[in-house]
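Single-letter residue listing:
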Amino acid sequence: MDTTLPLRHRMDPTIFGSFTFETESGIAKSFFTPSTAMKLDRETVPDHGSYDSVS
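All figures in this text were calculated on a predicted structure; none of them were measured in a lab.

### A few points about the pairing of strand β3 (residues 28-32)
Here is step 1 of the chain: Pairing of strand β2 (residues 16-22) with β3 involves 4 bridges; the strand directions are antiparallel. Each residue of the ladder has a partner; that of threonine 20, found in β3, is serine 30.
Here is step 2 of the chain: Counting the residues in the hairpin turn of β2 and β3 gives 5 residues, including glycine 26, whose phi is positive at 80 degrees.

Now the structure itself:
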């Protein structure tokens, strides 16, 4: 289950974004604003455990 926090600019409510994270672990999943878009993809690597990549 994920939690998404809506983000709004203090002075201009038409500027908005969001921050999403896994509720249980607190690990960030995505961050979107008008100028930035980041998404965390979690992948398991069979021989070396796991790693995270940001796209």
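Further notes follow.
### Considering the confidence of the model for the protein chain
Here is step 1 of the chain: Per-residue confidence for the protein chain gives a mean pLDDT of 84, with 76% of residues at or over 70.
Here is step 2 of the chain: Within the protein chain, the lowest mean pLDDT, 56, falls on strand β5 (residues 49-54), and the highest, 96, falls on strand β1 (residues 2-8).

### Things to note about the pattern of salt bridges
Here is step 1 of the chain: Applying the stated rule across the entire model yields 2 salt bridges.
Here is step 2 of the chain: Residues aspartate 2 and lysine 29 are paired through a salt bridge, measuring 3.0 Å at the closest nitrogen-oxygen approach. Of this pair, aspartate 2 sits in strand β1 while lysine 29 sits in strand β3; the two residues are 27 residues apart in sequence, bridging distant segments of the chain.
Here is step 3 of the chain: Judged by its relative accessible area of 29%, lysine 29 is partly exposed.
Here is step 4 of the chain: In this structure, lysine 39 and aspartate 41 form a salt bridge, with 3.6 Å as the shortest nitrogen-oxygen distance.
Here is step 5 of the chain: Lysine 39 sits in the partly exposed class, given a relative accessible area of 45%.

So, how was this worked out
- Residues numbered from 1 in each chain as written.
- Predicted model: local features only at pLDDT ≥ 70, side-chain atom pairs only at ≥ 80, totals over all residues.
- Heavy atoms only, no water.
- Pairing = 2+ DSSP bridges.
- Helix = DSSP H or I, 4+ residues; strand = E, 2+ residues; numbered from the N terminus.
- pLDDT = per-residue confidence, 0-100.
- Salt bridge = Lys/Arg side-chain N within 4 Å of Asp/Glu carboxyl O.
- Buried < 20%, exposed > 50% of the residue type's maximum accessible area, 1.4 Å probe, protein only.

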